[in-house]
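Residue-level structural notes
Next come the chains, spelled out residue by residue.
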Amino acid sequence: MTTNTRYKTRTSTATATLTEILEDIKNAEARLAEVAKQTEKFETRLVTVQEEVREKEAVVLKLDKKIQKNKKKLEQELALDDKWMDILQDEMWANMGYTEESIGRRS
């Protein structure tokens, strides 16, 4: 084999290798572009989901405030009911002729 033939063979092999490398680069760029599209879609969806979560958290906070307000109101009503029950019970005992001392009750 002559030097010229060896040179042509090496050049052909190098060209083929470079062509394969360029093809690999093109394929990688295409995959990268697809990944970028998917990333953008996911980021958009993430923003949407975050907004939905914030809206739902606001609703939960409002409901929690209402629940706490109603709970406090019910506790106050229950305490008032207990007070009235004590008064009515005292009147019942008094109407039956019992005194606080006779039933062992102290104010």
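Reading the values: the criteria
- Residues numbered from 1 in each chain as written.
- Predicted model: local features only at pLDDT ≥ 70, side-chain atom pairs only at ≥ 80, totals over all residues.
- Heavy atoms only, no water.
- Helix = DSSP H or I, 4+ residues; strand = E, 2+ residues; numbered from the N terminus.
- Buried < 20%, exposed > 50% of the residue type's maximum accessible area, 1.4 Å probe, protein only.
- Areas by Shrake-Rupley, 256 points an atom, 1.4 Å probe, with all protein chains shown as cover.
- Salt bridge = Lys/Arg side-chain N within 4 Å of Asp/Glu carboxyl O.
- Patch = residues over 30% accessible without salt bridge, like charges linked within 9 Å, V, L, I, M, F, W, Y side chains within 5 Å.
- Phe/Tyr/Trp six-rings, centres within 6.5 Å; stacked < 30°, edge-to-face > 60°.

A short note on the overall build of the chain
Counting secondary structure elements, the chain contains one helix and zero strands. A buried classification covers 0% of the 107 residues belonging to the chain. Accessible surface computed for the chain: about 10300 Å², of which carbon and sulfur atoms make up 59%.

With respect to the pattern of salt bridges
If charged atoms from side chains of opposite charge come close, those side chains can pair. Summed over all chains, the structure comprises one salt bridge. With a closest N to O distance of 4.0 Å, Arg45 and Glu52 form a salt bridge.

Some remarks on a nonpolar patch on the surface
Side chains of Leu18, Ile21, Leu22 and Ile25 sit close together on the surface and give an oily, nonpolar patch of about 380 Å² of accessible area. One can find Ile25 in helix H1 (residues 3-95). On the basis of relative accessible area, Ile25 is assigned to the partly exposed category, the value being 43%.

Some details on the packing of aromatic side chains
Under the definition given, this model contains one aromatic pair. Judged by centre distance (5.2 Å) and plane angle (85°), the ring pair of Trp93 and Tyr98 falls under edge-to-face. Among the residues examined, Trp93 registers a relative accessible area of 25% and is labelled partly exposed. On the accessibility criterion, Tyr98 (40% relative accessible area) is partly exposed.

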